[in-house]
Amino acid sequence: MKISLTQKYNVPGPRYTSYPTVPYWNEADFTAQKWITTLQKSFTESNSKNGISLYIHLPFCESMCTFCGCNKRITKNHSVEEKYIQAVLKEWKMYCDLLPEKPIIKEIHLGGGTPTFFSKENLESLINGIFTHAIKAEHHEFSFEGHPNNTTHEQLKKLYDLGFRRVSFGVQDYSATVQKAINRIQPFHNVAKVTFWAKEIGYTSIGHDIIFGLPFQTIEDVIDTVEKTNSLKPDRLAFYSYAHVPWIKGNGQRGFNDENLPKDAEKRKLYETGKKLLLQNGYHEIGMDHFALTDDSLYKAAHNGELHRNFMGYSASKTQVMIGLGVSSISDSWYSFAQNTKNLEEYYEILESEQLPVVKGHILNNEDLIIRKHILNLTCELETSWTAESLNFTELPEVLIALKEIENDHLIVIENNKIKITEKGRPFVRNICMAFDLHLKRKSPETNLFSMTV
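Residues numbered from 1 in each chain as written. Predicted model: local features only at pLDDT ≥ 70, side-chain atom pairs only at ≥ 80, totals over all residues. Heavy atoms only, no water.

## Points about the overall build of the protein
Point 1. When you go through the protein residue by residue, the secondary structure sums to 15 helices and 19 strands.
Point 2. With respect to the principal axes defined by its C-alpha atoms, the protein has extents near 60 × 50 × 40 Å.
Point 3. By residue count, 57% of the 454 residues in the protein fall in the buried class.
Point 4. Considering only contacts within the protein whose residues lie at least 6 apart along the sequence, 74% involve residues at least 24 apart.
Point 5. On the protein, the mean spot of the 51 positive side-chain charges and the mean spot of the 55 negative ones are 2 Å from each other. (Helix = DSSP H or I, 4+ residues; strand = E, 2+ residues; numbered from the N terminus. Buried < 20%, exposed > 50% of the residue type's maximum accessible area, 1.4 Å probe, protein only. Contact = heavy atoms within 4.5 Å. Lys, Arg positive; Asp, Glu negative; His and termini not counted. Charge placed at Lys NZ, Arg CZ, Asp CG, Glu CD.)

Structure follows, in structure tokens:
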């Protein structure tokens, strides 16, 4: 019996916010000093030209959403805010002391957790504290994630006044059945309210995150969610596949059973239905899982060949350095990655000992850098070439064999030293990137590491 492409390619695989992916980092050869050395090198090369990106992880949430695999701390005690802000600012000061000049910040993203768990006063203290030691780039892009249930008009206005022009609201799905299963009870009224507030205040890029493949989700649910979303006309959308990774410690994916999840062709149909509706309503598909209107900076970046992808996802800002602050945050110097401890108490303890809270990382070798560039090209531009000697991978038989099979399935076209992903191949970008993933090929995981690709 002939199997479908969805059945063939629906395998566990990374989302490629980095290469190598975190499970394949060579921790044995990594030290914090090596990370600092590569950071200083990269900063010197790029700060005055492109500035840097800053990711700040704000981990607190008032309740547990059972679809979420992010690092978070569940509490209703808001007295935790100030201590955490002071710790993040201390970490930032330690980084600034290591750099030869003031950082020029092109991009800030507040992620979580729930950034809007924090009061407007503490958010203001955080951002003002950051710029005590830094310069705001002229054309900057500052963004944050907001929970529609607790984002206030005052928070939106304060962050706008501090330079933020992009906000992303987590929607997931409007079905009452789905919301109950994932413990994310969130009326449409709340999403509409914060969206209209953001428009009224002047935010130029308002995003909604919606998810397909959630427990009990039906075609009718996706249609209803997309139609409601379209009625609010956010500037951009992340339309993600639900990442079912219940084996990761502390992620909370226990509110439903595996049999409650749509699978394979059924799940793919949810995406295709949502995608068709979005395209009909003026949205354009960007890279993997993202859609944007033509006025949004993400669309413009993709159209101009300037789209970038890092641990924050897709970005309209191309920077060589991204510093991650806060518990579990990941930093990227282009030449290396470094991750902070995931344990909040340990994060505080390490900072109190006057050390950076980096606990693991990876120094990229030449082969890593070549493959990383190809994967970035594929995820951002849906094509890559190897005419430049620095990108030549043709002596790697593992890659060539995998690409041949993908070409035979008409997911890519290979000609004139160039690979182009076809329209048929767009749903399988992660699989196409996996063809280049030498770490994954040379050491198949012995335990569950990644969510399914479809």
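## Observations regarding the UniProt feature "binding site: [4Fe-4S] cluster" (unreviewed entry) in the protein
Point 1. UniProt records the feature "binding site: [4Fe-4S] cluster" (unreviewed entry) for Cys61, Cys65 and Cys68 in the present numbering.
Point 2. Here Cys65 lies in the loop between β2 (60-61) and β3 (73-74).
Point 3. Overall, Cys65 belongs to the buried group, its relative accessible area being 11%. (UniProt positions renumbered as here; feature names shortened; annotations may be inferred.)

## With respect to the UniProt feature "binding site: S-adenosyl-L-methionine 1" (unreviewed entry) in the protein
Point 1. If you check UniProt for "binding site: S-adenosyl-L-methionine 1" (unreviewed entry), the listed places come out as Tyr55, Gly112, Glu145 and Ile330 in our numbering.
Point 2. When near neighbours in sequence (up to four residues on either side) are disregarded, Gly112 contacts Tyr55, His57, Leu58, Cys70, Asn71 and Glu145.
Point 3. Structurally, the position occupied by Glu145 is in strand β5 (residues 135-146).
Point 4. Other than its neighbours up to four places away in sequence, Glu145 contacts His109, Leu110, Gly111, Gly112, Pro115, Thr116 and Ser168.

## A short note on the packing of aromatic side chains
Point 1. Applying the stated criterion across every chain yields a total of 20 aromatic pairs.
Point 2. Taken together, a centroid distance of 5.8 Å and an interplanar angle of 70 degrees make the contact between Phe117 and Phe118 edge-to-face. In terms of burial, Phe117 and Phe118 fall into one category: buried.
Point 3. Summarising the aromatic geometry, the rings of Phe144 and Tyr203 are spaced 6.2 Å apart at their centres and angled 70 degrees between planes, so their arrangement reads as edge-to-face. Of this pair, Phe144 sits in strand β5 while Tyr203 sits in the loop between α7 (188-201) and β7 (205-212), placing them 59 residues apart in sequence. The two residues Phe144 and Tyr203 agree in class, both being buried. (Phe/Tyr/Trp six-rings, centres within 6.5 Å; stacked < 30°, edge-to-face > 60°.)

## A short note on the packing of helix α3 (residues 80-98) against helix α11 (residues 344-352)
When two helices pack together, their arrangement is given by the angle between the helix axes and the distance between those axes.
Point 1. Direction vectors running N to C along α3 and α11 enclose 45 degrees, while the axes themselves pass 10 Å from each other. Judged on the interaxial angle alone, α11 and α3 are oblique. The handedness of the crossing between α3 and α11 comes out as left-handed. Every residue of α11 that contacts α3 at Val80, Lys83, Tyr84, Ala87, Val88, Lys90, Glu91 and Met94 is listed here: Leu344, Tyr347, Tyr348, Leu351 and Glu352.
Point 2. Here the contact of α3 with α11 is built from residues that sort into nine nonpolar, no polar and four charged. (Axes fitted to C-alpha atoms, helices over the stretch in contact; angles between N-to-C directions. Parallel < 35°, antiparallel > 145°, perpendicular 65-115°, else oblique. Left-handed = near helix turned anticlockwise from the far one by under 90°. Nonpolar A, V, L, I, M, F, W, Y, C, P; charged D, E, K, R; others polar.)

## Topic: the nonpolar core
Nonpolar side chains in soluble globular proteins generally cluster together in the buried interior.
Point 1. In this structure, Trp92 and Leu110 are the most contacted members of the largest nonpolar core, which totals 55 residues.
Point 2. Broken down by element, this core gets its largest block of residues, nine residues, from α3.
Point 3. Excluding residues within four positions of it along the chain, Leu110 makes contact with Ile56, Leu58, Pro115, Leu123, Leu126, Ile127, Ser143, Phe144, Glu145, Leu159 and Phe164.
Point 4. Ala292, Ala301, Leu382 and Ala435 belong to the second-largest nonpolar core, a separate cluster that totals 39 residues. (Core = buried A, V, L, I, M, F, W, Y, C linked by side-chain atoms within 4.5 Å.)

## What about the pairing of β7?
Point 1. Within β7, seven of the eight residues are buried, which leaves the element mostly enclosed by the surrounding structure.
Point 2. In the sheet, strand β6 (residues 164-172) pairs with β7 via six bridges, with the strands oriented parallel. Note on β7: the bridge partner recorded for Ser168 is Gly207.
Point 3. Where β7 lies against strand β8 (residues 236-241), six bridges are found, and the strand directions are parallel. Along β8, the bridge assignment pairs Phe212 with Ser241.
Point 4. Since β7 and β8 lie parallel, the crossover through helix α8 (residues 219-232) that links them has a hand, and here it is right-handed. (Pairing = 2+ DSSP bridges. Right-handed = clockwise from strand over helix to strand, strands pointing away.)

## Some words on α7
Point 1. The first and last C-alpha atoms of α7 sit 20 Å apart over 14 residues, in line with the 20 Å expected at 1.5 Å per residue.
Point 2. Within α7, the full set of buried residues consists of Asn190, Val191, Ala192, Val194, Thr195, Ala198 and Ile201.
Point 3. If you follow the buried residues of α7, they end up packed against α5 (153-161), β6, β7 and α8.
Point 4. Looking one or two residues beyond α7, the residue adopting positive phi is Gly202, at roughly 125 degrees. (Expected span 1.5 Å × (residues − 1).)

## A look at the environment of Ala198
Point 1. Within the secondary structure, Ala198 is located in helix α7.
Point 2. When neighbours within four sequence positions are excluded, Ala198 is seen to be in contact with Leu156, Val167, Tyr203 and Ile206.

## Some words on the side chain of Asp296
Point 1. Looking at the secondary structure, you find Asp296 in the loop between β10 (290-292) and α10 (297-303).
Point 2. Within the structure, the side chain of Asp296 is placed 3.0 Å from the backbone nitrogen of Leu298, a separation counted as a polar contact.
Point 3. Leaving out residues up to four positions away in the same chain, Asp296 has contacts with Thr204, Ser205, Asp235 and Arg236. (Polar contact = N/O pair within 3.5 Å; in protein donor to acceptor, adjacent residues only side chain to side chain.)

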